[in-house]
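Each chain, written out:
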Amino acid sequence: MQDNSSHSKALVLGGGGVAGIAWATGILLGLEEGGVDLRSANLVIGTSAGAAVGGQFTSDVPLSDLLDRQVDPTRQVGEMRPNIKYGRIIAGVLAALLVRKDTQRFRIRIGAMARAAKTVDPAVRRDIIAQRLPRHEWPEMGLTVAAIDASSGEQRWFDAQSGVSLVDAVAASCAVPGVWPLVPIGGRLYYDGGLPSADNAHRASGYGAVLILSPVGRSRSGGLRKGLRSEISALEREGSRVTVLTLDAEARAAIGRNVLDPSTRPAAARAGLDQGRRAVPEVLTGWG
């Protein structure tokens, strides 16, 4: 899937809950309105919420319609508010952090926590993912989404050649451990592909231009998170032109602290649209 041409382009869509989906949709429309040819991307990389955005963006549904589905209550997907057992999640995460320097062992411990968690009916959750996606077939446009094997801790990338349905692939990528149920694929259980990276920008290695939309890419202090900085630096050392957009102040205020709250979608989408329009000159410089 890698294209080493200096003219090749990769669009990286990071995780960030239902609010992140709405924000990224607004960003994409704002950029498109400003003349950024996003559909010239050779590869679209989706992780967690970004997998859902990728599935939507690579369909033949106009971005204006996708945005309307975020802001119009009569067209919104009936998202669920998770009943999160914070004590169990914290205990599981603390156990995983003891081995955080070993990425695979860290993921295995998170997987164990996810298997033990009591969440919603998997069939109900899968139906919500299916409703998010305008089309249930893999697109012609190159799309790949990340998930993690709960038992082995290995990261897996699903695409049109993987033999896995788009709905199952996106559902697996969106299965936040401890919050949403694990997703069975081929006799294995999978969860959210955003560990340890919510963006997986490293997957864009070898592409000439890389645009990263990262809803959770900034810390509370305002700087880029260490992992994202590292991924950007690695891409730039290889010669990639990297542009990264994260939540600006208006978007952070619109979303608040809970990116899983469905009620944030209209405000997040509108904030993303405004931010995308303002970011056009910056993105055109790197993307072309």
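Quick notes on the rules
- Residues numbered from 1 in each chain as written.
- Predicted model: local features only at pLDDT ≥ 70, side-chain atom pairs only at ≥ 80, totals over all residues.
- Heavy atoms only, no water.
- Axes fitted to C-alpha atoms, helices over the stretch in contact; angles between N-to-C directions.
- Helix = DSSP H or I, 4+ residues; strand = E, 2+ residues; numbered from the N terminus.
- Parallel < 35°, antiparallel > 145°, perpendicular 65-115°, else oblique.
- Left-handed = near helix turned anticlockwise from the far one by under 90°.
- Contact = heavy atoms within 4.5 Å.
- Nonpolar A, V, L, I, M, F, W, Y, C, P; charged D, E, K, R; others polar.
- Phe/Tyr/Trp six-rings, centres within 6.5 Å; stacked < 30°, edge-to-face > 60°.
- Buried < 20%, exposed > 50% of the residue type's maximum accessible area, 1.4 Å probe, protein only.
- Lys NZ or Arg CZ within 6 Å of the ring centre and 35° of its normal.
- Pairing = 2+ DSSP bridges.
- Core = buried A, V, L, I, M, F, W, Y, C linked by side-chain atoms within 4.5 Å.

Turning our eyes to something else, we now look at the packing of helix H6 (residues 122–132) against helix H7 (residues 166–173). Packing of H6 against H7 brings their axes to within 9 Å, and their N-to-C directions diverge by 110°. Regarding the angle of H6 to H7, the classification is roughly perpendicular. Crossing angle aside, the handedness with which H6 passes H7 is right-handed. For the pair H6 and H7, the contacting residues are Arg126, Ile129 and Ala130 in the first and Val167, Asp168, Val170 and Ala171 in the second. Of the residues in the contact of H6 with H7, the class split is five nonpolar, no polar and two charged.

A separate point is the packing of aromatic side chains. Within the structure shown, the criterion is met by one aromatic pair. Judged by centre distance (5.5 Å) and plane angle (75°), the rings of Phe158 and Tyr190 are edge-to-face. Note that Phe158 is positioned in strand E4 (residues 155–158) and Tyr190 in strand E6 (residues 188–192), a separation of 32 residues in sequence. Assessed through its relative accessible area of 0%, Phe158 is described here as buried. The class for Tyr190 is buried, based on a relative accessible area of 4%. Across from the ring centre of Trp180, 4.0 Å away, lies the NZ or CZ of Arg125, which sits over that ring.

So, on to the pairing of E4. Relative to E4, strand E3 (residues 143–149) runs antiparallel, the two sharing four bridges. Counterpart to Ile148 in the pairing with E4 is Gln155. The hairpin formed by E3 and E4 contains five residues between the paired strands, and Gly153 there has a positive phi angle of roughly 75°.

Moving on, we come to unusual backbone geometry. The linkage connecting Leu195 with the following residue, Pro196, adopts the cis geometry, with an omega of 0°. Along the chain, Pro196 falls in the loop between E6 and strand E7 (209–214). Phi angles above zero are rare outside glycine, and Ser48 is one such case at about 55°. Checked against the element boundaries, Ser48 lands in the loop between strand E2 (43–47) and helix H2 (49–57). Take Ser48: its relative accessible area is 9%, and that puts it in the buried class. Non-glycine residue Asn200 carries a positive phi angle of around 55°. Structurally, Asn200 can be placed in the loop between E6 and E7.

Grouped together as the largest cluster of nonpolar side chains are 75 residues, with contacts concentrated most on Leu11, Trp23, Leu31, Phe158 and Leu213. The greatest single-element share of this core, amounting to nine residues, is contributed by helix H1 (residues 17–33). Every residue in contact with Leu11, bar those within four places of it in the chain, is listed here: Leu28, Ala41, Leu43, Val44, Ile45, Phe57, Leu211 and Trp287. Core analysis: the next-biggest nonpolar cluster, separate from the first, contains 17 residues, Ile45, Val210, Leu224 and Val242 among them.

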